Amino acid sequence: MTASFPLADEVATEALAGRAARSLDAGDAPLVLYLEGDLGAGKTSFARGMLRELGETGPVRSPTYGLLSEYQTPAGRVVHIDLYRLRSAAELATLGLADHLPGSLLWLVEWPEKGQGGLMPAADAVLQLEVQGSGRRLKGSAMSQAGARWLAALGADCG
């Protein structure tokens, strides 16, 4: 299953992300979303929008230097990973990702292509954000049954 959503600006990106958070099903937890796109395409804005909708009130920034941030939201634990500055697979191994997976509601992984090598959990959905003129477009592709259910629920909420 695939879906595509036009996004006029950062506000629209965060609004879609809020709907994406409302479309989560705790029975599919943890849902792993890979966020792909060039610098400035809106990956962190999308992550921020999801976290805000899940009840996070503190700052939400991309964990570019620390690689991983964990949020205890009222809806459940969210793991936000940014692999842009990943230097090696060994550095990824030090994060102990397997320890973060159980009990999580959601994983948001920016720059997942840099984490190849079997240490990253498989994506339930891949979200590609791209700049289009003055706006953006999000293209979602389900990679699992849980991802297909989530993407269908998101599409229904936006329809």
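Above this note sits the structure.
First, a word on what this report is: a plain description of the structure on this page. (Residues numbered from 1 in each chain as written. Predicted model: local features only at pLDDT ≥ 70, side-chain atom pairs only at ≥ 80, totals over all residues. Heavy atoms only, no water.)

1. Notes on the environment of L108
Selection rule: A run of H or I in DSSP becomes a helix once it reaches four residues, and a run of E becomes a strand once it reaches two; helices and strands are each numbered from the N terminus. Only heavy atoms enter the contact rule, under which two residues are in contact if any of them lie within 4.5 Å.
With respect to the helices and strands, the residue L108 is situated in strand β5 (residues 104-110). It is 6.2 Å that separates the C-alpha atoms of L108 and V79, two residues lying 29 residues apart in sequence. Setting aside anything within four residues of it in sequence, one finds L108 in contact with L33, L35, A47, M50, V78, V79, H80 and I81.

2. Some thoughts on helix α2 (residues 43-53)
What sets the pattern is the α-helix's 3.6 residues per turn: residues three or four places apart point alike. To keep it simple, the criterion reads: Think of it in three bands: residues with accessible area under 20% of the maximum for their type are buried, residues over 50% are exposed, and the middle band is partly exposed, with areas taken using a 1.4 Å probe on protein chains only.
Counting buried positions along α2 yields nine of 11 residues, so the element is predominantly enclosed. Just past α2, the residue G55 takes up positive phi, approximately 110 degrees.

3. Some remarks on the sheet that holds strand β1 (residues 2-7)
Applied cut-off: Being paired, for any two strands, means DSSP has found at least two bridges between them. An axis is simply a line fitted to the C-alpha atoms; with a helix, the fit covers only the stretch in contact. Between two such axes, the angle follows the N-to-C directions and lies from 0 to 180 degrees.
Strand order in the open sheet made by the seven strands is β1-β7-β6-β2-β5-β4-β3, with mixed pairing throughout. Looking at the sheet topology across the chains shown, the edges are occupied by β1 and β3 (68-73). Across this sheet, the average inter-strand angle for adjacent strands is 20 degrees, counted without regard to direction. Direction of pairing for β1 relative to strand β7 (residues 135-142): antiparallel, over a ladder of six bridges. Looking at the pairing, A3 lines up with G140 of β7.

So far we have only geometry, and geometry alone does not tell us how the molecule works.
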